[in-house]
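# Fold and contact review
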Amino acid sequence: MHAKTAKQNKAELIVVGIAVIAFVLGLVAHLAGASFANSDFFGYIAAPIPLILAVIFLISYKIAANAED
């Protein structure tokens with residue numbers, strides 16, 4: 001088993017932070033959807049959430065991949 005480098009530890013912390021941000025964003029979007037479900041404005045809130053989450057996950061994947069080099 002290899003010891004983790006400082007770069008790997010920093011990347012893990014960044015990825016965990018990004019995961020928490022993505023979780024909070026999803027939770028807020030879910031609550032906003034519940035409160036605006038009977039409104040036309042709901043579509044403006046709900047539509048970009050999957051794209052935003054995909055970008056967040058792509059960024060965290062790239063950070064984690066760079067840490068393994």
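Residues numbered from 1 in each chain as written. Predicted model: local features only at pLDDT ≥ 70, side-chain atom pairs only at ≥ 80, totals over all residues. Heavy atoms only, no water.

### Digging into the overall build of the protein
Quick note on the threshold: Each helix is a run of H or I in the DSSP string that is no shorter than four residues. Each strand is a run of E no shorter than two, and both are numbered from the N terminus. Only protein chains enter the area calculation, which uses a 1.4 Å probe; residues under 20% of their type maximum are buried, those over 50% are exposed, and those in between are partly exposed. Note that accessible areas follow from Shrake-Rupley with a 1.4 Å probe, and for residues the cover is restricted to the protein chains shown.
A tally of regular secondary structure across the protein gives 3 helices and 0 strands. Mapped in sequence order, the helices and strands of the protein form the string α-α-α. Counting over 69 residues, the protein shows a buried share of 16%. Carbon and sulfur atoms make up 72% of the accessible area of the protein, which amounts to about 5400 Å² in all.

### Notes on the nonpolar core
Rules: To form a nonpolar core, buried Ala, Val, Leu, Ile, Met, Phe, Trp, Tyr and Cys residues must be joined to one another through side-chain atoms within 4.5 Å. Working rule for contacts: check all heavy atoms of both residues, and any pair within 4.5 Å makes them a contact.
If you look at the biggest cluster of nonpolar residues, it comprises 6 residues: I18, A22, A29, I49, L53 and I56. Elements represented by at least two residues in this core include exactly helix 1 (6–35) and helix 3 (49–67). Dropping the residues within four chain positions of it, A22 is found in contact with L53, I56 and F57.

### Brief notes about the environment of P48
Secondary-structure assignment places P48 in the loop between helix 2 (42–46) and helix 3. On the basis of relative accessibility, which here comes to 32%, the residue P48 falls in the partly exposed class. Separated by 19 residues in sequence, P48 and A29 have C-alpha atoms that sit 9.9 Å apart.

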